[in-house]
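This is what each chain is made of:
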Amino acid sequence: MTLRTVVITGASRGLGFASATHLYKAGFRVVAAMRSVEAGLERLRSETGATPDDERLLGVKLDLESAESIAGCATEILERVGAPDVLVHNAGVAAAGTFEDMPQSAWSLIFATNLFGPIELTRALLPAMRNRGRGRIIIVSSQGAVRGMPATRAYSASKGAIE
């Protein structure tokens, strides 16, 4: 049986952490993409029982606000494991506030993390997935994508766009 590989962004906490833990225990090789690799891997190893030399649990640095980080992450993934079987876009950020009070920097961060970063990571990995002839891309969204909420306009808009 071939080892299946899943890349999960935002794997250091929340739903990404739970998904990485579950899929590791289900037999997948998990590539945990996150901003704080050492801390995130330490938590994942503690939860899964994986050892530092376990090739089924790998960490890669990813900052979805940075084109250089996205390119470096994709290159590292392809070099270490090849084309993934599954790419899960889970990383996300939100900020609450009124439209008038939400600074442009918050909008930029939210859209970079929730929309533009996942698009670029997909562009970087998709050719290898196509050449392999298979693969799945999963995008974790939110109810806010279809039913915007007043205090989280930027988040709802970014999730609506990724939908």
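Our structure is the block above this text.
Below you will find a few notes about this structure.

What follows covers the pairing of strand E1 (residues 5-9). Counting buried positions along E1 gives 5 out of 5 residues, so the element sits mostly inside the fold. Across the two faces of E1 the burial is the same, with Thr 5, Val 7 and Thr 9 and Val 6 and Ile 8 all buried. Looking at chain direction, E1 and strand E2 (residues 29-34) are connected through 5 bridges and run parallel. Bridge pairing links Val 7 to Val 31 in E2. In this sheet, strand E4 (residues 86-89) lies alongside E1 in parallel orientation, the contact comprising 3 bridges.

All right, on to the sheet that holds E2 then. Spatially, the 5 strands line up as an open sheet ordered E3-E2-E1-E4-E5, and their pairing is parallel. On the outer flanks of this sheet lie strand E3 (57-61) and strand E5 (136-139), each paired with one strand and no other. Taking the axes of each pair of neighbouring strands and ignoring which way they run, one obtains an average angle of 15° across the sheet. The pairing of E4 with E5 spans 4 bridges and is classified as parallel. By the bridge assignment, Val 88 is partnered in E5 with Ile 138. The strands that helix H3 (residues 67-81) touches are E1, E2 and E3; relative to E3, the one it contacts most, it runs at about 155°.

Turning to helix H4 (residues 104-132), a few remarks are in order. Relative to the 42 Å expected for 29 residues at 1.5 Å per residue, H4 spans 40 Å between its end C-alpha atoms, a close match to the ideal helical length. The sharpest bend along H4 reaches about 50° and sits at Ala 112. One or two residues past the end of H4 sits Gly 133, with phi positive at roughly 90°.

A word on the packing of aromatic side chains. Throughout the structure, instances matching the rule amount to 3 aromatic pairs. Ring plane angle 80° and centroid distance 6.0 Å describe the contact between Phe 99 and Trp 107, whose orientation is recorded as edge-to-face. Geometrically, the ring pair formed by Phe 111 and Phe 116 is tilted, given 6.3 Å between the ring centres and 40° between the ring planes. Among the aromatic residues, those joined into a ring-pair cluster are Phe 99, Trp 107, Phe 111 and Phe 116.

This part takes up the side chain of Thr 21. Relative to the helices and strands, Thr 21 is located in helix H1 (residues 14-25). By relative accessible area, Thr 21 is classed as buried at 7%. Polar contacts involving the side chain of Thr 21 include one to the main-chain carbonyl oxygen of Phe 17, which spans 2.9 Å. What Thr 21 contacts, discounting residues up to four positions off in sequence, is Leu 44, Glu 47 and Thr 48.

Attention now moves to the pattern of salt bridges. Under the definition given, this model contains 4 salt bridges. Put simply, Glu 76 and Arg 80 hold a salt bridge, and the shortest N to O gap is 2.9 Å. You can see Glu 76 and its partner Arg 80 sitting in helix H3, 4 residues apart, about one turn around the helix. For Arg 80, a relative accessible area of 40% puts it in the partly exposed group. For Arg 123, the salt bridge identified is with Glu 120, shortest N-O distance 3.2 Å.

Rules used in this analysis
Residues numbered from 1 in each chain as written. Predicted model: local features only at pLDDT ≥ 70, side-chain atom pairs only at ≥ 80, totals over all residues. Heavy atoms only, no water. Buried < 20%, exposed > 50% of the residue type's maximum accessible area, 1.4 Å probe, protein only. Helix = DSSP H or I, 4+ residues; strand = E, 2+ residues; numbered from the N terminus. Pairing = 2+ DSSP bridges. Axes fitted to C-alpha atoms, helices over the stretch in contact; angles between N-to-C directions. Contact = heavy atoms within 4.5 Å. Expected span 1.5 Å × (residues − 1). Bend = angle between axes of the 7 residues up to and from the residue. Phe/Tyr/Trp six-rings, centres within 6.5 Å; stacked < 30°, edge-to-face > 60°. Polar contact = N/O pair within 3.5 Å; in protein donor to acceptor, adjacent residues only side chain to side chain. Salt bridge = Lys/Arg side-chain N within 4 Å of Asp/Glu carboxyl O.

Purely geometric stuff here, so don't read any function into it on its own.
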